[in-house]
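Overview (structure and organization)
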Amino acid sequence: GIQVEQSPPDLILQEGANSTLRCNFSDSVNNLQWFHQNPWGQLINLFYIPSGTKQNGRLSATTVATERYSLLYISSSQTTDSGVYFCAVVLTGANNLFFGTGTRLTVIP
Amino acid sequence: GAVVSQHPSRVICKSGTSVKIECRSLDFQATTMFWYRQFPKKSLMLMATSNEGSKATYEQGVEKDKFLINHASLTLSTLTVTSAHPEDSSFYICSATRGTFNTEAFFGQGTRLTVV
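So, here's what we can say about the structure. Every value quoted in this text rests on a predicted model; they were computed, and no experiment measured them.

Let us now look at the sheet that holds strand β3 (residues 19-25) of chain A. All names here are of chain A. Ordered by their spatial adjacency, five strands build an open sheet running β1-β3-β8-β7-β6, and the pairing between neighbours is antiparallel. Across the chains shown, the open sheet's two edge strands, defined by having one partner strand only, are β1 (4-7) and β6 (52-56). Across the sheet, the mean angle from the axis of one strand to that of its neighbour is 15°, orientation sign disregarded. Bridge analysis of β1 against β3 gives four bridges, and the strand direction is antiparallel. Residue pairing across strands places Glu5 opposite Asn24, the latter belonging to β3.

What follows is the structure in structure tokens.
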């Protein structure tokens, strides 16, 4: 089956630092989303990005579907950015999201 | 974005009882809803896909008789954990999409179930 690997698994940053999170997937996909799971478990939609580049404030994402990876950039990190970041993909021909392994981010003051 | 509401957010029940979790799309009609389960410090695992007016499709290894899913309308899907046991304790989260393919998914707040 499909594998969706995220790296790094854990990341500790000083407030104000920048970071890049990576999502590699093993099969052709039609859809890719990035989420932030807050400490209460809520999944917050960050990007719907099957291909190309998008930016939203301090966050931006790039998906290169032909090379089967996506990147999430966080600039000027804040303590409120802490939590787990998931990428999730929809396989070609399917309609459900398959979640990656996650990156746990901790931003310290 | 779209709003998906899940209720209750937290529930504690005794072994052997059943628990119903509701998932509602508040500002759109959800053709398809999905139910996921998440263990501590793990990723989300798909349990089943429900389409309005038809039987749910369960993932391999998920007991359909234990996890009953009903999608009676375009805005409501329910997950009932029947005869719950401590090993059913987990975080359950639903999602909904407007269309069937290539559409953004939105998630409810999740339900933390503890069976004692």
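Looking now at unusual backbone geometry. Omega for the bond connecting Ser7 of chain A with Pro8 of chain A falls within 30 degrees of zero, at -10°, which places this linkage in the cis form. Along the chain, Pro8 of chain A falls in the loop between β1 and β2 (10-14). Between His7 of chain B and the following residue, Pro8 of chain B, the backbone shows a cis peptide bond with an omega angle of 0°. Phi angles above zero are rare outside glycine, and Arg68 of chain A is one such case at about 60°. Given a relative accessible area of 35%, Arg68 of chain A falls into the partly exposed group. Positive phi, close to 45°, is recorded for Ser76 of chain A, a residue that is not glycine. Structurally, Ser76 of chain A can be placed in the loop between β8 (69-74) and β9 (83-91).

Conventions and cut-offs
- Residues numbered from 1 in each chain as written.
- Chains lettered and ligands numbered in written order.
- Predicted model: local features only at pLDDT ≥ 70, side-chain atom pairs only at ≥ 80, totals over all residues.
- Heavy atoms only, no water.
- Pairing = 2+ DSSP bridges.
- Helix = DSSP H or I, 4+ residues; strand = E, 2+ residues; numbered from the N terminus.
- Axes fitted to C-alpha atoms, helices over the stretch in contact; angles between N-to-C directions.
- Buried < 20%, exposed > 50% of the residue type's maximum accessible area, 1.4 Å probe, protein only.

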